Amino acid sequence: MKRLVVFALLCMAGLLPAQQPKVQRYTFAIELPEGGKRIQGDALVEFSTPSAVDTVVLDLDSAMRVHGVTFGCVDNFMGARFERTTHQLRVATPAQPPAVPHPPGRPVAETQCIRVHYDGEPADGLIIGTDSAGRWTAFGDNFPNRARYWLPTVDHPSQKAKVTFTVTAPRGRQVVATGALAGTAATRDGRVTTTWVEDRPIPTYAMVIAAAPLAMHDLGVTACGLAEGGGCVPQMVWTAPEQARYMPGQFARAGEIVEFYARTFGAFPYEKLAHLQTTTRYGGMENSSAIFYADRLFRRPNGVSDGLIAHETAHQWFGDAVTEREWAHAWLSEGFATFLEALWNQHARGDSSYRDEMARLRQEVISSKVAGERAVIDSVETDPNRLLNENTYQKGGWVLHMLRTQLGDSAFFTGVRRYFAEHKHGNAMTQDLQRSLEGSSGRELGWFFDQWLRRPGWAQLSTAWHWDPATKRLTLDVEQQGRFGAYRFPLAIDVEDARGGHRRLTVELDAVRAQRLVLPGEFGVAPTTLVFDPDVALLAAITARK
């Protein structure tokens, strides 16, 4: 997700109770109105549950009125007792649940289903309104835990599931959703029912629909041979009719972006990739296979930059396919997308552009209040919206940049590919990434992850140097007396001498307050200038002492 503004606080579910059911698939049937905001919903929640569980808890806002709850997946339904709270639906499990059809060898009690019949006007999550031409629209906007305002779910990133949307809407509204299009059918009353099926497990924040008078620009099949299963990635752009004439704009690069990421990290993980003009509150929202972009960006030619497209597309790998298990590790989503956006910039525009981008991001970290007060892995903050900050985005991206620099491209990208492959369509924590990179590099990295992710701030260096013409040696004094304490890191130095010659070297600095190093080799010509971190490889503020 590309953050433009941090929005109002939302209540957040903490770590899931140990005995929560594991949702396997949601099947949502949603009926949309001709006007107004009242929707009708029928949700089938397929799940497995430990035998000790006597109550299944689904997140569902009280504005959604529940008219009935039953147990049963296909037939043999039985009524269920349930209770409502402000944001939850609590369903008592029967002592003898209905039998479920199952493949041979699969335990009968492994899978159960709850069906919920409900209606109401969503207070959030499904944003219903009118566009600038007064036309009725509805767009899902679930992040971080706002699916509960219109869908009964276990609304937490650790509970990924497959999803099917069957949406009935008046004619004249195109319905687009996560997953692959399974079919459309006209109803007797002149409406149209559209079904989208996502057979990869995704987080609830990425389960969305769009229903509006949308015009489609087909980008064709892209990244052929690089989709999951070896096929191509169909891509398209959906906009309001008035903006269709501006297409494809920067979306002309969408195929190249997917191909670049797929070759670098692994096959594209979903059935298609749609790009939509929507009412999302964010600059862009990375819903799996259906990225939503803010409406205002489409109201000028090329208002959606290729950097934004790259950022949201990167989330299809990191955030959607590999999802943080706990909100405190949200940098595994936003830090990756920030870094991959810069990586795309390097691919598209060269090394200088990449360094400029990292320098800009570094300055944003150093100027950030939250980065100076809180760690990137922030287990104290209980509101995921407050994690949308410079720690999660810019500093998280910088952590990956430093890992790349210090491990080298071969070990770094091999490790990240391993991390993606091992956790694709599942969840991960920071220690999973650490293990993958340790395996690819053969290096112990606990110190690196602790100092950059589990404590606030950045390195603060004060340097001074002295050249001795008798010994022709160069001595460097480094102090780390800043408020964040001392860091361990390699420091690159470019030494320029009086004849205009340059020598590049790297010294390893320890996590101590002050140290003196004699630089390797002799300097037969007097040095005139020392440039520290010339390649923008260190998250540090560096000053020179006289």
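Residues numbered from 1 in each chain as written. Predicted model: local features only at pLDDT ≥ 70, side-chain atom pairs only at ≥ 80, totals over all residues. Heavy atoms only, no water.

A. Representation of the overall build of the chain in the model. Each helix and strand counted, the chain has eight helices and 29 strands in total. Its C-alpha radius of gyration of 26 Å places the chain within 12% of the 24 Å reference for a compact globule of 546 residues. Each principal axis of the C-alpha distribution contributes one length, and for the chain these read about 95 × 55 × 45 Å. Looking at the chain as a whole, 57% of its 546 residues qualify as buried. Nonlocal contacts in the chain, meaning residues at least 24 apart in sequence, comprise 71% of its contacts between residues at least 6 apart. With an accessible surface of roughly 21,400 Å², the chain has 50% of that area assigned to carbon and sulfur atoms. Here the chain contributes 58 positive and 60 negative side-chain charges, whose respective centroids are spaced 1 Å apart. (Helix = DSSP H or I, 4+ residues; strand = E, 2+ residues; numbered from the N terminus. Rg over C-alpha atoms; globule rule 2.2 N^0.38 Å. Buried < 20%, exposed > 50% of the residue type's maximum accessible area, 1.4 Å probe, protein only. Contact = heavy atoms within 4.5 Å. Areas by Shrake-Rupley, 256 points an atom, 1.4 Å probe, with all protein chains shown as cover. Lys, Arg positive; Asp, Glu negative; His and termini not counted. Charge placed at Lys NZ, Arg CZ, Asp CG, Glu CD.)

B. Quick look at the packing of helix α5 (residues 391-407) against helix α6 (residues 409-423). α6 packs onto α5 with a crossing angle of 130° between their chain directions and a minimal axis gap of 6 Å. As the angle between them shows, α5 and α6 are arranged oblique. Listed contacts from α6 to Leu 400, Leu 403, Arg 404 and Leu 407 of α5 are Asp 409, Ala 411, Phe 412 and Phe 413. Tallied by class, residues from the contact of α5 with α6 come to six nonpolar, no polar and two charged. (Axes fitted to C-alpha atoms, helices over the stretch in contact; angles between N-to-C directions. Parallel < 35°, antiparallel > 145°, perpendicular 65-115°, else oblique. Nonpolar A, V, L, I, M, F, W, Y, C, P; charged D, E, K, R; others polar.)

C. Highlighting the nonpolar core. Ranked by internal contacts, the top residues of the largest apolar core, which has 156 residues, are Phe 165, Tyr 261, Trp 331, Leu 403 and Ile 493. Of all the elements, helix α3 (residues 331-349) adds the most residues to this core, at nine residues. When neighbours within four sequence positions are excluded, Leu 403 is seen to be in contact with Gly 408, Phe 412, Leu 437, Leu 445, Phe 448 and Phe 449. (Core = buried A, V, L, I, M, F, W, Y, C linked by side-chain atoms within 4.5 Å.)

D. Highlighting the side chain of Gln 346. Summarising the element assignment, Gln 346 is placed in helix α3. With residues near it in sequence (within four places) discarded, Gln 346 still touches Asp 351, Tyr 354 and Arg 404.

E. How the structure looks around the packing of aromatic side chains. Under the counting rule described, the total for this entry stands at 29 aromatic pairs. Residues Tyr 205 and Trp 327 carry aromatic rings whose centres are separated by 6.3 Å and whose planes lie at 35° to one another, so their mutual orientation is tilted. Residue Tyr 205 is located in the loop between β14 (192-202) and β15 (209-212), and its partner Trp 327 is located in the loop between β21 (322-324) and α3; the two are separated by 122 residues in the primary sequence. Among the residues examined, Trp 327 registers a relative accessible area of 4% and is labelled buried. An aromatic cluster is built from Phe 265, Phe 318, Phe 336, Phe 339, Phe 412, Phe 413, Tyr 419 and Phe 420, whose rings are joined through pairwise contacts. In this structure, Arg 455 packs its charged tip against the face of Tyr 487, placed 3.9 Å from the ring centre. The ring of Phe 523 is capped by Arg 503, whose NZ or CZ atom sits 4.0 Å from the centre of that ring. (Phe/Tyr/Trp six-rings, centres within 6.5 Å; stacked < 30°, edge-to-face > 60°. Lys NZ or Arg CZ within 6 Å of the ring centre and 35° of its normal.)

F. Expanded view of the state of the cysteines. Tallied over the entire structure, the rule returns two disulfides. In the chain, the bonded cysteines, taken in the order they occur along the sequence, pair up as 1-2, 3-4. (Disulfide = S-S within 2.5 Å.)

G. Region of the structure containing the confidence of the model for the chain. In this model, the chain carries an average pLDDT of 93, and 94% of its residues clear a pLDDT of 70 or more. In this model, residues 4-18 is a region of pLDDT below 50 whose contacts with residues beyond four sequence positions or in other chains number 33 contacts. Note that pLDDT drops below 50 for residues 103-109; the model gives that stretch six contacts with residues more than four away or on any other chain. (pLDDT = per-residue confidence, 0-100.)

H. Structural detail: the sheet that holds β15. The strand order β9-β10-β15-β12 describes an open sheet built from four strands, whose pairing is antiparallel. Strand pairing shows two members of the sheet lacking a second neighbour, β9 (126-130) and β12 (174-177), which therefore form its edges. Taken over all neighbouring pairs, the strand axes of this sheet differ in orientation by 15° on average, direction set aside. Two strands pair when backbone bridges link them, and β12 and β15 are joined in this way by four bridges, in the antiparallel orientation. (Pairing = 2+ DSSP bridges.)

I. Structural view of unusual backbone geometry. The step from Phe 143 to Pro 144 runs through a cis peptide bond, and the omega angle for that step is -5°. Secondary-structure assignment places Pro 144 in the loop between β10 (136-140) and β11 (161-169). With an omega of 10°, the peptide bond between Met 247 and Pro 248 qualifies as cis. Within the chain, His 425 stands out as a residue other than glycine whose phi angle is a positive 65°.

J. Quick look at helix α2 (residues 306-314). Within α2, nine of the nine residues are buried, which leaves the element mostly enclosed by the surrounding structure. Along α2, the residues classified as buried are Asp 306, Gly 307, Leu 308, Ile 309, Ala 310, His 311, Glu 312, Thr 313 and Ala 314. Structurally, α2 contributes buried residues whose contacts are with α1 (254-265), β18 (273-278), β19 (284-285), β20 (290-294), α3 and α5.

K. Fine view of the pattern of salt bridges. On inspection of all chains with the given rule, the structure shows 32 salt bridges. A salt bridge links Asp 199 to Arg 25, with the shortest nitrogen-to-oxygen separation between them at 2.3 Å. Of this pair, Asp 199 sits in strand β14 while Arg 25 sits in strand β1 (residues 22-31), and the two are 174 residues apart along the sequence. The class of Asp 199 is partly exposed, set by a relative accessible area of 41%. Given a relative accessible area of 16%, Arg 25 falls into the buried group. For Asp 119, the salt bridge goes to Arg 38, with nearest N and O atoms at 4.0 Å. Taken together, the residues Asp 119 in strand β8 (residues 112-120) and Arg 38 in the loop between β1 and β2 (39-48) connect sequence positions 81 residues apart. Assessed through its relative accessible area of 11%, Asp 119 is described here as buried. One salt-bridge network, in which partners are shared between bridges, spans Asp 124, Asp 141, Arg 146 and Arg 281. (Salt bridge = Lys/Arg side-chain N within 4 Å of Asp/Glu carboxyl O.)

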